[in-house]
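The residues making up each chain are set out below.
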Amino acid sequence: MTTHTGAEHHRQAAEHHEHAAAHHREAATHHEAGDHETAAHHAHIAHGHGLHATHHAAEATKHHADEHGGAIEAAEDGEDS
C-alpha cells in the first residue's frame, strides 16, 4: 500500500497526464515526418504514463471512499456524518 495522500495522488495523476500529452505530441511530430518507429516509441511511453495516471486517479478515489464512504451508512442509520 502506498503512503500518498489523496491530494498527492491527484497531483501524480495530473503529472502523468501531462507527460503522456507531451509524448503524444512528440509521436505526432515523428509520425508526420514519416518516422513511424520513433512515433510508436513515444506513443508507447505515452500509454505507460496514461496507465500511471489512471492508477493514481483510482488511488485518490479510494482515499475519498475511505474518508467519506461512511456517510451513506450513517445516513441510513439516521445519523449525521
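If you're wondering where the values come from, they're calculated on a predicted model, not measured in any experiment.

Draft legend 1. Spotlight on the overall build of the chain. Looking only at helices and strands, the chain features three helices and zero strands. For the chain, the N- to C-terminal ordering of α and β elements is α-α-α. In the chain, which comprises 81 residues, the share counted as buried stands at 20%. In the chain, the share of contacts with a sequence separation of at least 24, taken over all contacts with a separation of at least 6, comes to 62%.

Draft legend 2. Representation of helix 2 (residues 36-68) within the structure. The terminal C-alpha atoms of helix 2 lie 47 Å apart, and with 33 residues this matches the ideal 48 Å at 1.5 Å per residue to within 8%. Buried within helix 2 we find Ala39, His42, Ala46, His49, Ala53, His56, Glu59 and Ala60.

Draft legend 3. Just the environment of Gly48, in detail. For Gly48, the location among the structural elements is in helix 2. Sequence separation between Gly48 and His16 is 32 residues, and the spatial gap between their C-alpha atoms is 8.9 Å.

Draft legend 4. Representation of the confidence of the model for the chain within the structure. Summary statistics for the chain give a mean pLDDT of 90 and a share of 84% for residues scoring 70 or more. By mean pLDDT, the top-scoring element of the chain is helix 1 (residues 6-32) (97), and the lowest-scoring one is helix 3 (residues 70-76) (65).

Draft legend 5. Structural context of helix 1. End to end, helix 1 covers 39 Å across 27 residues, agreeing with the expected 39 Å (1.5 Å per residue, within 8%). Along its buried surface, helix 1 packs onto helix 2. At the exit of helix 1 stands Gly34, carrying a positive phi of roughly 85 degrees.

Draft legend 6. Fine view of the side chain of His49. Mapped onto the elements, His49 comes out in helix 2. For His49, the side chain forms a polar contact with the side chain of His16, separated by 3.0 Å. Discounting chain neighbours no more than four positions away, the residues touching His49 are His16, His19, Ala20 and His23.

Rules behind the numbers
Residues numbered from 1 in each chain as written. Predicted model: local features only at pLDDT ≥ 70, side-chain atom pairs only at ≥ 80, totals over all residues. Heavy atoms only, no water. Helix = DSSP H or I, 4+ residues; strand = E, 2+ residues; numbered from the N terminus. Buried < 20%, exposed > 50% of the residue type's maximum accessible area, 1.4 Å probe, protein only. Contact = heavy atoms within 4.5 Å. Expected span 1.5 Å × (residues − 1). pLDDT = per-residue confidence, 0-100. Polar contact = N/O pair within 3.5 Å; in protein donor to acceptor, adjacent residues only side chain to side chain.

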